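# Structural characterization, general
Here is what each chain is made of, one letter per residue.
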Amino acid sequence: MVKEDETFPCDLIFLSSSRVDGTCHVTTASLDGESSHKTHYAVQDTKGFRTEEDIDSLHATIECEQPQPDLYRFVGRINVYSDLNDPVVRPLGSENLLLRGATLKNTEKIFGVAIYTGMETKMALNYQSKSQKRSAVEKSMNVFLIVYLCILISKALINTVMKYVWQSKPFQDEPWYNQKTEAERQRNLLLRAFTDFLAFMVLFNYIIPVSMYVTVEMQKFLGSYFITWDEEMFDEATGEGPLVNTSDLNEELGQVEYVFTDKTGTLTENNMEFKECCVEGHVYVPHAICNGEAAIDMIDASPGAGGREREELFFRAICLCHTIQVKDDDEVDGPRKSPDSGKRCAYISSSPDEVALVEGIQRLGFRYLRLKDNYMELQNRDSDIERFELLEILSFDSVRRRMSVIVRSATGEIYLFCKGADSSIFPRVIEGKVDQIRSRVERNAVEGLRTLCVAYKRLIQEEYEGIYKLLQAAKVALQDRERKLAEAYEQIEKDLILLGATAVEDRLQEKAADTVEALQKAGVKVWVLTGDKVETAAAACYACKLFRRNTQLLEVTTKRLEEQSLHDVLFELSKTILHCSASLTRDNFSGLSADMQDYGLIIDGAALSLIMKPREDGSSSNYRQLFLDICRNCSAVLCCRMAPLQKAQIVKLIKFSKEHPITLAIGDGANDVSMILEAHVGIGIIGKEGRQAARNSDYAIPKFKHLKKMLLVHGHFYYIRISELVQYFFYKNVCFIFPQFLYQFFCGFSQQTLYDTAYLTLYNISFTSLPILLYSLMEQHVTMDTLKRDPALYRDIAKNALLRWRVFIYWTFLGVFDALVFFFGAYFMFENTTVTSNGQIVTTNTHMVFGNWTFGTLVFTVMVFTVTLKLALDTHYWTWINHFVIWGSLLFYVVFSLLWGGVIWPFLSYQRMYYVFIQMLSSGPAWLAIVLLVAVSLLPDVLKKVLCRQLWPSATERVQRSSSRRAPADAAPSPDRPLLTDPAPRPRRE
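Residues numbered from 1 in each chain as written. Predicted model: local features only at pLDDT ≥ 70, side-chain atom pairs only at ≥ 80, totals over all residues. Heavy atoms only, no water.

Looking at an unreviewed UniProt entry, the chain carries the name Phospholipid-transporting ATPase, with the source organism given as Physeter macrocephalus. UniProt, in the comment section headed Cofactor (unreviewed entry), describes the chain in these words: "Mg(2+)". (UniProt positions renumbered as here; feature names shortened; annotations may be inferred.)

What follows is the structure in structure tokens.
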């Protein structure tokens, strides 16, 4: 027994409740994020058992499927035994299953029997994590790491070989001051060589930037808060802000090449408004209700007697064929009142279309009242209450694209009412004004309205009994129940009489067109994947500027395939489009060319199934590659009549094409989850169809318009920042270790370290860590407003531009060059020096002794200042925090070195650094060396930046240069202060 507001402890079969009708309401927010109340139904033969004593007398057995994680699917049956009679067999479905984690609402108590417990519950089975997504930056990092690992091994091998080459000369293996013992002389040569190799590996292991991975994770985690804190992405109407479900893909937002978007609820508001209905060829347009009476504008002539009867049947079909619940609420606004209670009522449904239809029909004089004890009540135009017994519900699914109910009227007549998409209704119709209604449907679709067709047929008692047996046999099946139900529905829903069609409007979201246009300017291809019919979806695509007036539309639809074979259609389109783009480069194929012929492709689900269908020999169809080539050369693609699985197939097809573009999928409903999980980046809209899309996505936003800032601003910044972080870490580690490698040639390959242990430990932890971390969190190479005004800047970072091999090699060679300057600059800076036999460098001019640790400290000091100032040169957005960490890091290094070498620390077993730093700074040549070597090290990078910006500037660099001219000299860049009023889009620099 579970009481109101309690959570179900396991998965239960719902036996009975305190409500007379055997129903209960639950919320499943902890399972799928949906806060709306869902109605569940007790088993028909057990709902009368309302007390513990009654339950104790119940004798029944339950058979069900093995535990599986699908929250919305359950197959089972219950056998209820009474006395000596044969058991009554009833089917069990998801409507009879109460899930662990759900909460009982608006019901005093329920009784249930546990079927899945512990780790076998659906909630526990859904604990399994999603597939791991890895960004392009992370993949580049790992490849670069392998390169540096090879460099590490190469350095160790070279030094090992050189050591034994050097020791092969007389008296160099055993100098007089370092004689070997007999045991050392007898030691195996291979073992000694292997030990030396390992010693060199340890000595040079700092070239592997382990701390980079820690810093990257910190940057991703802390950086993700900039999205959740963004007030511009907060929706006042819903009170919702953006959500970050994973921070691993932040930088991937700056690399998106394809956006796959749902239409309804994503591009549109999913706020349906009833526009008209067409009954028997006559069109009705409702207007506002005045003084309780509906004003009706009937465009055509009034129907005759036969038409009047079908008109009544049409309105009854709309009122009866739905999944709406009526919720009484004194605070509900509007004219909807239940005639017997006087209270206002609200319609609740998982489908906004159904609510719009029922409310629209209400404005025409018919009103749906309630479902009570298996009887549906509605009020007709004469204000009479009509009662219909609900006999069967043939539920809606995305494959059939229709639903039906079988009802019995008060006079005993049995009707089957069916509603659904025109493509699923018209083929099953044998009578009615098909041509007139089809014409109206097509006209409404072209105007962007969502259409629905309604049909019916009368059943005699014998027909219904046959249908009942057919459905019962399918419902109680434990194996292939869904397939058997689908076959039964197919047999039942045929030979229908067409009644009419409805049209509702789903308006575009605010700034949806602006967002689509900005993404296209950024070089991102936008595909719309929808379940709507072609005409409706095409109208929406024109409205949101996906298609333009000069866009040449190419079609691969069922209608065209009736006239031509798939082979002919595809080859004809390929000749049209591929001939014009034969000379396009690879970037053109990825949609980043502004010079392409503007083509748009329209394809429907049936045609896609033929294209994706494998050959009889099991190999993939050759049409798939041809279709892919056509799609890649279209500026926009519209996929209509798509099932959820087909949406995922489309995303996967592009994702694994030869260019391997970065894909993003965005949607708001459960039918979009499959493509959201398949894409590189999945974004859920926190919409009206529940939170399943948001719960399964990587990021969630309130409105489609927020995608513009998420990609063009946040994604751009994330990629710029983390790219610099990765390259900088490899660069500064080359600067750090390459002098150590060079030093081995001057110390007899003895594995002597150049730097003190404290410097080795603190280099990546303290001296150079905070500046790059703050840079990777706060850098803005251009302002936010500039990125929003000029979407073309997004092209500058496309295709992982800042982590290509050319850029990586440049940073590596820059690190090698700087290391050479550090080492040999310090070595040759003092021309009048001699090296004594004990390794000391004696400067004759200054009468000072520079030993091993002084030399290493000088190299280290130049290195710390160089790598820190290099980052300062790369910084465009200066704040007090940047100043504090950059100059503070240098100050901390100086203070630490003074304390480390200026005090005798009693806890140390050695004092080799005592007075070393102070002695070095007391020398004039040392100061000169530091200044000159830092300047020489930074000079190549400065020259490269100046020359590239002047001779081959990118679009971003042009904007930066223009901004610096227009902004006051003493003004710092700020997100609140744009540096450029309206920069024109620039072509991407090759």
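Next comes the rest of the description.
## Remarks on the UniProt feature "transmembrane region" (unreviewed entry) in the chain
The UniProt feature table records "transmembrane region" (unreviewed entry) at residues 143–166, 197–216, 728–746, 758–778, 808–830, 850–872, 884–908 and 914–939. Counted over residues 197–216, helix gives 75% and strand 0%. Its end C-alpha atoms are 31 Å apart. (Helix = DSSP H or I, 4+ residues; strand = E, 2+ residues; numbered from the N terminus.)

## Some thoughts on the UniProt feature "binding site: Mg(2+)" (unreviewed entry) in the chain
Residues annotated in UniProt with the feature "binding site: Mg(2+)" (unreviewed entry) correspond here to Asp262, Thr264, Asp668 and Asp672. Considering the C-alpha atoms alone, the annotated residues occupy 411 residues of sequence yet fold into one spot, their largest mutual distance being 10.7 Å. The topology assignment puts Thr264 in the loop between strand 12 (258–261) and strand 13 (268–279). Here Asp672 is to be found in the loop between strand 30 (663–667) and helix 23 (673–678).

## Quick word on the pattern of salt bridges
Counting across every chain of the model gives 42 salt bridges. Where Lys105 meets Asp5, a salt bridge forms, and the shortest distance between an N and an O atom there is 3.1 Å. Remark: Asp5 occurs in the loop between strand 1 (2–3) and strand 2 (11–17) and Lys105 occurs in strand 9 (residues 103–105); sequence separation between them is 100 residues. With a relative accessible area of 25%, Lys105 lands in the partly exposed category. Note that Asp262 and Lys647 form a salt bridge whose closest N and O atoms lie 3.3 Å from each other. Note that Asp262 is positioned in the loop between strand 12 and strand 13 and Lys647 in helix 22 (residues 644–655), a separation of 385 residues in sequence. Lys647 shares its class with Asp262; the two are buried. A network of salt bridges, in which partner residues are shared, links Asp230, Glu232, Lys709, Asp785 and Lys788. (Salt bridge = Lys/Arg side-chain N within 4 Å of Asp/Glu carboxyl O. Buried < 20%, exposed > 50% of the residue type's maximum accessible area, 1.4 Å probe, protein only.)

## Considering the packing of aromatic side chains
Tallied over the entire structure, the rule returns 56 aromatic pairs. Look at Phe221 and Tyr225: their rings are 5.4 Å apart centre to centre, the planes differ by 85°, and that puts the pair in the edge-to-face class. Classification of Tyr225 by relative accessible area gives partly exposed; the value is 32%. Summarising the aromatic geometry, the rings of Phe314 and Phe315 are spaced 5.5 Å apart at their centres and angled 70° between planes, so their arrangement reads as edge-to-face. Phe314 gets classed as buried once you look at its relative accessible area, which sits at 0%. Residue classification places Phe315 among the buried positions, given a relative accessible area of 0%. Clustering of aromatic rings is evident, with ring pairs tying together Tyr206, Phe736, Tyr755, Tyr759, Tyr763, Phe767, Phe860, Phe892, Tyr893, Phe896, Trp900 and Phe917. The ring of Phe426 is capped by Arg438, whose NZ or CZ atom sits 4.4 Å from the centre of that ring. The ring of Trp811 is capped by Lys870, whose NZ or CZ atom sits 4.4 Å from the centre of that ring. (Phe/Tyr/Trp six-rings, centres within 6.5 Å; stacked < 30°, edge-to-face > 60°. Lys NZ or Arg CZ within 6 Å of the ring centre and 35° of its normal.)

## Overview of the packing of helix 26 (residues 757–767) against helix 31 (residues 880–902)
Contact geometry for helix 26 and helix 31: axes closest at 12 Å, N-to-C directions at 155°. Taken together, helix 26 and helix 31 sit at an angle that is classed as roughly antiparallel. Crossing angle aside, the handedness with which helix 26 passes helix 31 is right-handed. Here Ala758, Tyr759, Leu762, Ser766 and Phe767 of helix 26 lie close against helix 31, whose contacting residues are Ser889, Phe892, Tyr893, Phe896, Ser897 and Trp900. When the residues that make up the contact of helix 26 with helix 31 are grouped by side-chain class, the tally is eight nonpolar, three polar and no charged. (Axes fitted to C-alpha atoms, helices over the stretch in contact; angles between N-to-C directions. Parallel < 35°, antiparallel > 145°, perpendicular 65-115°, else oblique. Left-handed = near helix turned anticlockwise from the far one by under 90°. Contact = heavy atoms within 4.5 Å. Nonpolar A, V, L, I, M, F, W, Y, C, P; charged D, E, K, R; others polar.)

## Brief notes about the environment of Gly420
Looking at the secondary structure, you find Gly420 in strand 22 (residues 414–420). Judged by relative accessible area, Gly420 falls into the buried class, the value being 3%. For the pair Gly420 and Ala501, spaced 81 residues apart in sequence, the C-alpha separation works out to 9.5 Å. With residues near it in sequence (within four places) discarded, Gly420 still touches Arg401, Arg402, Ile425, Leu452 and Cys453.

## Quick notes on the sheet that holds strand 7 (residues 88–92)
Strand order across the open sheet formed by three strands is 5-6-7, with antiparallel pairing between neighbours. Each edge of the open sheet carries a strand with a single partner, namely strand 5 (59–64) and strand 7. Each adjacent strand pair in this sheet contributes to an overall mean axis angle of 20°, direction not counted. As judged from the five bridges shared by strand 6 (residues 76–81) and strand 7, these two strands associate in the antiparallel manner. Bridging from a neighbouring strand, Gly76 pairs with Leu92 of strand 7. Lying over the sheet, helix 13 (residues 461–475) contacts strand 6 and strand 7, oriented at roughly 70° with respect to strand 7. (Pairing = 2+ DSSP bridges.)

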